[in-house]
Amino acid sequence: MSNPVAIVFIFVVLAMVYHGITKNSKFIKKIRKEWETAEFLSPSEGFHSISSYWSNRKRMSQGYDGVDQLTWEDLAMDDVFKKLNYTQSTVGSEYLFNQLRDIDPRKEQCDEELYRLFATDQKLRENILLILSNLGKREYTDSSSFFFELKHHEIKHAYLFGIFSLLPVASILLLFFSLQLGIAGLLGSLFLNAIIYYRHKTRLEHDLISVGYAAAIIHAGKRIASLRHPSLLPYTSGLKECVQPIKKVIAFNKITTLGSRSGGDFDVLFEYVRIFFLLDFISHNKIIKTISTHQKEYREVWERIGKLDAAIAVSFYRHSLDTYCTPTFTDMEELSFENMVHPLIEKAIPNTSHLGKCTLITGSNASGKSTYIKAVAINAILAQTINTVLAEKWTMMPSYIVTSMAIQDNVLNGDSYFIAEIKSLKRIIDLVEKGKPCLSFIDEILKGTNTIERIAASASMMEWLSLNKGMNVLATHDIELTEIAVNMYTNYHFRETIVNGEVQFDYQVHSGPSVSRNAIKLLEITDYPTSITQKANQLAQHFSERRKWGVLRDHHPAR
């Protein structure tokens, strides 16, 4: 008769194999549908989680500029990131987020061959995606901190856990000499260790999760290193050697997960073993020491996985676009493009422009000025980070991208709107004064103050920007600036037409300054009292002809 234990063992193994095959099959079916439809459901991820790699690099590196927070918010780059984020792992999310902020005009940042490899080799792409999906996403692991600093992960007085874990073993040995003392010692040591375990588990729970994910990263690196694909070798060469000294972390992590898988009888037994022998804390410390000794190797594994995951996401993003191009870079202070669109606007109107060192854009309300300069700024970031632009052609000088657009007053800091605005503009001045190549975008410059000082200060800053290194693009309602800066700035404008009492926009950029206004017309269309709109038109006409405002008359008799 066959051994019942052997039969059960074989059955369990076969069940696990079947589960793995069906799970993988479902995932492959899912991603094939995503690539067929060019659509996917982006999971919700916390900002502080996906930005941790970027934050760690910025904190630990000198002169690490990139895209600053105000620029990121001005351009709604969180939304751009979500459209791009086809990553399967937390490492991939963090790497891609950092990639979109990591602009350095001095360095060539291009993984074009990798993007094309994943776009064309379906089998390789699916093999990598399968490994990455098993790694998965787990928020707030801060897994990159292991190669920046480890102090906050270390357990204080870790040697004590080792001593206490030996107490049950010593008690068992004591049983051979004194049954009574052995039992008392065993029960006492188990009770003591249980108290120690639960007192420290809550405090260390986050770190235990972090080291668990770090172990999963190493395991994923090991699996990727085993892939034998000639085109992938340039990106995985040396990965196996990096995994070798840290792969013991995988075994230590398995100890900490004993009893936490299926909830069966054996799992309960294993969990008690972990508790009574304090295996979680001992394994945690071993993992920390291993990674601490081999931080360089762990970082290499982490960044290789992030690069591959992010590259597949970029390939998918390109696959979802109707039109895109790879940028051309030049040493000239110029920016030109054909049929460029905004990445966040469905059925966006394309625009073609050749922008020089200084550009001033005017136009009526809601005509498209702000959307246009945001589209240029976002594409300038994408060009320098993922080598992808939503246009048919794109040429630019490598530059830091900085904006001053969606200004808000800051009640907590006591900043008024105008103070917040001048602080925002000062960032641009500081960057230029450091001699760094800068492409700045300013929407409605200094609109938080009175007309005379606004025009004077704006013109003065425009002149300063034109005389220093870097390019700048400004959008304004102030027609006076087109006249003052006519010799320094190239003028473009957006326009509108009135059809059957309605304002219609073509959202196309045109050469020259704006010659139309629509604010008063919008008041008329929305049924403002005729006395208001007539007076507004009279005052505007008076100023246009005489460059002097008319004085309002008091129509009430003196009392």
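About the thresholds
- Sequence order sets the numbering: in each chain, residues are counted from 1 along the sequence as written.
- Side-chain atom pairs in this predicted model are given and counted only at pLDDT of 80 or more, local residue features only at pLDDT of at least 70, and totals for whole chains, interfaces and linings cover all residues.
- Side-chain measures here rest on the full set of heavy atoms in the structure, leaving out hydrogens and waters.
- Within this scheme, the nonpolar core is defined by two criteria: the residues are buried Ala, Val, Leu, Ile, Met, Phe, Trp, Tyr or Cys, and they are joined through side-chain atoms within 4.5 Å.
- A simple rule labels every residue: compare its accessible area, found with a 1.4 Å probe on the protein chains alone, to the largest value its type can have, and call it buried under 20%, exposed over 50%, or partly exposed in between.
- Under the scheme used here, helices are H or I runs from DSSP no shorter than 4 residues and strands are E runs no shorter than 2 residues, and both carry numbers assigned from the N terminus.
- In what follows, residue pairs with any heavy atoms lying within 4.5 Å of each other are defined as contacts.
- To pair, rings of Phe, Tyr and Trp, with the six-membered ring standing in for Trp, must have centres within 6.5 Å; the planes then decide the type, stacked if under 30 degrees apart, edge-to-face if over 60, and tilted in the middle.
- The salt bridge definition used is simple: a Lys or Arg side-chain nitrogen within 4 Å of an Asp or Glu carboxyl oxygen.
- Think of each axis as a best-fit line through the C-alpha atoms, taken over the contacting stretch in the case of a helix, with angles from 0 to 180 degrees between the N-to-C directions.
- Here roughly perpendicular refers to angles of 65 to 115 degrees, roughly parallel to angles under 35, roughly antiparallel to angles over 145, and oblique to all remaining angles.
- Left-handed is the label given to a crossing in which the near helix is rotated counterclockwise from the far helix by less than a right angle, and right-handed is the label when the rotation is clockwise.
- Classification convention: Asp, Glu, Lys, Arg as charged; Ala, Val, Leu, Ile, Met, Phe, Trp, Tyr, Cys, Pro as nonpolar; all other residues, Gly among them, as polar.
- Across the chain, each position has a pLDDT score giving the predictor's confidence in that residue, from 0 to 100.
- The pairing criterion for strands is at least two bridges between them, as found by DSSP.

1. Observations concerning the nonpolar core
Right, on to step 1. By size, the foremost hydrophobic cluster in this structure holds 124 residues, and its most contacted members are Ile128, Tyr298, Tyr372 and Trp394.
Right, on to step 2. Among the elements that take part in this core, helix H16 (residues 295-320) stands out by supplying 12 residues, more than any other.
Right, on to step 3. Residues contacting Ile128, with those up to four places away along its chain left out, are Phe118, Ile224, Leu227, Leu232, Leu308 and Ile312.
Right, on to step 4. Membership of the second largest hydrophobic core comes to six residues, among which are Phe161, Ile196, Leu204 and Phe281.

2. Points about the environment of Glu524
Right, on to step 1. If you trace the backbone, Glu524 turns up in helix H21 (residues 519-525).
Right, on to step 2. With relative accessibility at 32%, the residue Glu524 sits in the partly exposed group.
Right, on to step 3. Between the C-alpha atom of Glu524 and that of Gln534, which follows or precedes it by 10 residues, the distance is 9.2 Å.
Right, on to step 4. If sequence neighbours within four positions are ignored, Glu524 has contacts with Thr533 and Asn537.

3. Notes on the packing of aromatic side chains
Right, on to step 1. Counted under the stated rule, the structure contains 20 aromatic pairs.
Right, on to step 2. An angle of 90 degrees between the planes, with centres 5.4 Å apart, marks the rings of Phe40 and Phe316 as edge-to-face. Residue Phe40 is found in the loop between helix H1 (4-37) and helix H2 (47-50), and its partner Phe316 is found in helix H16; the two are separated by 276 residues along the sequence.
Right, on to step 3. Given a relative accessible area of 23%, Phe40 falls into the partly exposed group.
Right, on to step 4. Given the relative accessible area of 2%, Phe316 is considered buried.
Right, on to step 5. For the ring pair Phe337 and Trp394, a centre distance of 5.3 Å and an interplane angle of 20 degrees mean the geometry is stacked. Of this pair, Phe337 sits in strand S2 (residues 335-340) while Trp394 sits in strand S5 (residues 393-396), placing them 57 residues apart in sequence.
Right, on to step 6. What links up through ring pairs into an aromatic cluster is the set Tyr53, Tyr95, Phe146, Phe147, Phe148, Tyr298 and Trp302.

4. Description of the pattern of salt bridges
Right, on to step 1. Here the structure, examined in full by the defined rule, presents 14 salt bridges.
Right, on to step 2. Two residues, Glu45 and Lys137, come together in a salt bridge whose shortest N-O distance is 2.9 Å. Of this pair, Glu45 sits in the loop between H1 and H2 while Lys137 sits in the loop between helix H8 (122-135) and helix H9 (158-174), placing them 92 residues apart in sequence.
Right, on to step 3. Owing to a relative accessible area of 16%, Glu45 belongs among the buried residues under this scheme.

5. Re the packing of helix H5 (residues 77-84) against helix H17 (residues 369-385)
Right, on to step 1. Where H5 meets H17, the closest approach of the two axes is 12 Å, and the angle between their N-to-C directions is 50 degrees. With respect to H17, the element H5 is oriented oblique. Between H5 and H17 lies a crossing whose hand is right-handed. Contacts between H5 and H17 pair Met77, Val80 and Leu84 from the former with Ile378, Ile381 and Leu382 from the latter.
Right, on to step 2. Taken together, the residues that form the contact of H5 with H17 break down as six nonpolar, no polar and no charged.

6. Quick notes on the confidence of the model for the protein chain
Right, on to step 1. Overall, the prediction assigns the protein chain a mean pLDDT of 84, with 85% of residues at 70 or greater.
Right, on to step 2. At the low end of the mean pLDDT range in the protein chain sits helix H14 (residues 265-276), at 63; at the high end sits S5, at 98.

7. A short note on the sheet that holds strand S3 (residues 351-355)
Right, on to step 1. Strand order in the open sheet formed by four strands is S1-S5-S2-S3, and the pairing between neighbours is mixed. Unpaired on one side and paired on the other, strand S1 (328-329) and S3 mark the two borders of the sheet.

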